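This is what each chain is made of:
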Amino acid sequence: MSLDPTAACPLPPGIVAQQPLTALAPMQDVTDLAFMRVLSHYGAPDFFFTEFFRVHAQSRPEKHILRSIDENVTGRPVFAQLIGEDIPHLLRTVRELLQHPVAGIDLNLGCPAPKVYKKNVGGGLLRDPARVDDILAALREAVPGLLTVKMRLGFDDTTPFAAILESIKHHRVDLLSVHGRTVKEMYRSEVHYDFIARAVASAHCPVLANGNITSAAKAREVVQNTGAAGVMIGRHAIRNPWIFSQCRAVFSGHTPAPVTLADVREYVERLYTTTRHPDFPERAHVNKMKKYLNFVGQGVDPEGRFLHDMRRTSTEAELFAACDQHLLSNPDTIFAQEPYPGVIARPNCETPTECTLDEVTA
Ligand SMILES: Cc1cc2nc3c(=O)[nH]c(=O)nc-3n(C[C@H](O)[C@H](O)[C@H](O)COP(=O)(O)O)c2cc1C
């Protein structure tokens, strides 16, 4: 029997057969081992993606990111994401990562941080489709299993989109995640789901729709309207860690069980305990928690009172007092499935220098 070298590698099966797929979007400083563990408590996505491993002449795979692969206890596959443009160093990193239990290798073609794109990596590569083609050719040679890509629609505009989709097809990429914005559109513009539909129509591989999938209902609508194989969800999984199990319920025609503010209080405590590093001072950990809670607060009350009070805390006791006041005074109140309009996850910055929770907003 001869093996067909052009045959696509099958994706790992989803949690529920025949349903649209779900994935947690890679998020630097968020999607680490601890966060993946917390999320899987409430209902894991089908696939996880690591935050990006930086690739350059001096790089070695970052140890803390490797932990999210080596110590993964979620029972779900983890894809390792790379950001870089130097082919020999990308290949060296791939060889190193393939020594770990990765589900596949993912290339970042979307990071919009100026510090990143000025080095012609991440979203910066979208300015040079020929270079993307060379990189994908080399990665395809080096990755015997699943090779995946996460891309935006273009840099200033969508001009390179068609050429890059052609390369993705030509080099037999196994899964494509499309964030339906250009690099210049950052994180807050409308999402161009029509371009995701175009990717679905032209790609030979499954496509995950990404960008502002705020709820399970929105996930179903976007899958129906684009024909995507599934959804990739980032910020709204921080706000609502139940979102992946809610998607599974909605995809099978059921109404998800309501989440109450008391449930959210329990989530906050789990997040606090699980993400706490033993060497981290209390104040620094409270500040880190406030970054997650910026998103959580979008579903607590329509006036943003929880966000207002939570942002003014600096100790563990103050933080949990604010949580108790807003989450346990009326514990049976329903946690909103969609973020309340106008309740913004600050700090607010339109031109982040890095993809971190400090600088990226909803
Ligand atoms: C804090 C933060 C960090 C991010 N880090 C990464 C990253 O490491 N790699 C990547 O491809 N995208 C990164 N992104 C982009 C997300 O994966 C996703 O494409 C974007 O947030 C849109 O999806 P959403 O509306 O579901 O959040 C990051 C986004 C945020 C908010």
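The rules behind each value
Sequence order as written defines residue numbering, which begins from 1 separately in each chain. The predicted nature of this model means local features are confined to residues of pLDDT at least 70 and side-chain atom pairs, given and counted, to a pLDDT of 80 or more, with totals for whole chains, interfaces and linings taken over all residues. Helix and strand labels come from DSSP, where a helix needs a run of H or I of at least four residues and a strand needs a run of E of at least two; each type is numbered from the N terminus. For the exposure call, what matters is how many other C-beta atoms sit within 10 Å of a residue's own: 20 or more marks it buried, 12 or fewer exposed, and in between partly exposed, using C-beta atoms placed from the backbone. A pair of residues counts as a contact when their C-beta atoms, built from backbone coordinates, are within 7 Å of each other. Every axis corresponds to a line fitted to the C-alpha atoms, with the helix fit spanning only the stretch in contact, and the corresponding angles, defined between N-to-C directions, vary from 0 to 180 degrees. Angles are sorted into four bins: roughly parallel if under 35 degrees, roughly antiparallel if over 145, roughly perpendicular if 65 to 115, and oblique for all others. For any pair of crossing helices, the crossing counts as left-handed if the nearer helix is rotated counterclockwise from the farther one by less than a right angle, and right-handed if it is rotated clockwise. Under the scheme applied here, ten amino acids are nonpolar (Ala, Val, Leu, Ile, Met, Phe, Trp, Tyr, Cys and Pro), four are charged (Asp, Glu, Lys and Arg), and all others, including Gly, are polar. Strand pairing is assigned whenever DSSP identifies at least 2 bridges connecting the two strands. Call a crossover right-handed when, viewed with both strands pointing away from you, the route from the first strand across the helix to the second goes clockwise. Residue count minus one, scaled by 1.5 Å, sets the expected span of a helix. Domain boundaries shown here were taken from an automatic or database domain assignment.

Observations regarding the overall build of the chain
The helix and strand inventory of the chain stands at 14 helices and nine strands. With respect to the three principal axes, the spread of C-alpha positions in the chain is 65 × 45 × 40 Å. Residue burial in the chain is summarised as follows: out of 362 residues, 49% are buried. For the chain, long-range pairs separated by at least 24 residues make up 73% of all intrachain contacts whose partners lie at least 6 apart in sequence.

A short note on the packing of helix α11 (residues 261-275) against helix α14 (residues 316-328)
Where α11 meets α14, the closest approach of the two axes is 8 Å, and the angle between their N-to-C directions is 160°. Between α11 and α14, the interaxial angle falls into the category roughly antiparallel. For the crossing formed where α11 meets α14, the hand is right-handed. Facing L261, A262, V264, R265 and V268 of α11, the residues of α14 in contact are C323, L327 and L328. In terms of residue class, the contact of α11 with α14 is made up of seven nonpolar, no polar and one charged.

Digging into the pairing of strand β8 (residues 207-210)
Here β8 shows two buried faces, one formed by V207 and A209 and the other by L208 and N210. Sheet topology note: the strand β7 (residues 175-179)/β8 ladder contains four bridges and is parallel. Among the inter-strand pairings, H179 is bridged to a residue of β8, identified as N210. Handedness of the crossover is the feature at issue here: the chain leaves β7, passes through helix α7 (residues 193-202), returns alongside β8, and the resulting connection is right-handed.

Considering helix α12 (residues 282-296)
Here α12 spans 20 Å end to end across 15 residues, near enough to the 21 Å set by a 1.5 Å rise per residue. Taken residue by residue, α12 has V286, M289, K290, Y292, L293, N294, F295 and V296 as its buried positions. In this fold, the buried residues of α12 make contact with α9 (235-239), α11, α13 (305-311) and α14.

A word on the domain arrangement of the chain
Considered domain by domain, the chain is made up of domain 1 (21-251) and domain 2 (261-328). Taken together, the contact pairs 10 residues of domain 1 with 10 residues of domain 2. Secondary-structure elements contributing two or more residues to the side of domain 1 that touches domain 2 are α1 (33-43) and α9. Looking at the side of domain 1 that touches domain 2, the element that brings in the most residues is α1, giving five residues. Partitioning the side of domain 1 that touches domain 2 into residue classes produces five nonpolar, two polar and three charged.

As for the packing of α7 against helix α8 (residues 216-226)
Contact geometry for α7 and α8: axes closest at 9 Å, N-to-C directions at 55°. With respect to α8, the axis of α7 lies oblique. In this structure, α7 crosses over α8, and the sense of that crossing is right-handed. Together, Y193, I196, A197 and V200 of α7 and V222, N225 and T226 of α8 make up the contact between the two elements.

Some points on the environment of P129
Among the secondary structure elements, P129 is positioned in helix α5 (residues 129-142). Considering only alpha carbons, one finds P129 and S167, 38 residues apart in sequence, at a separation of 8.3 Å. Dropping the residues within four chain positions of it, P129 is found in contact with P160, A163, I164 and S167.

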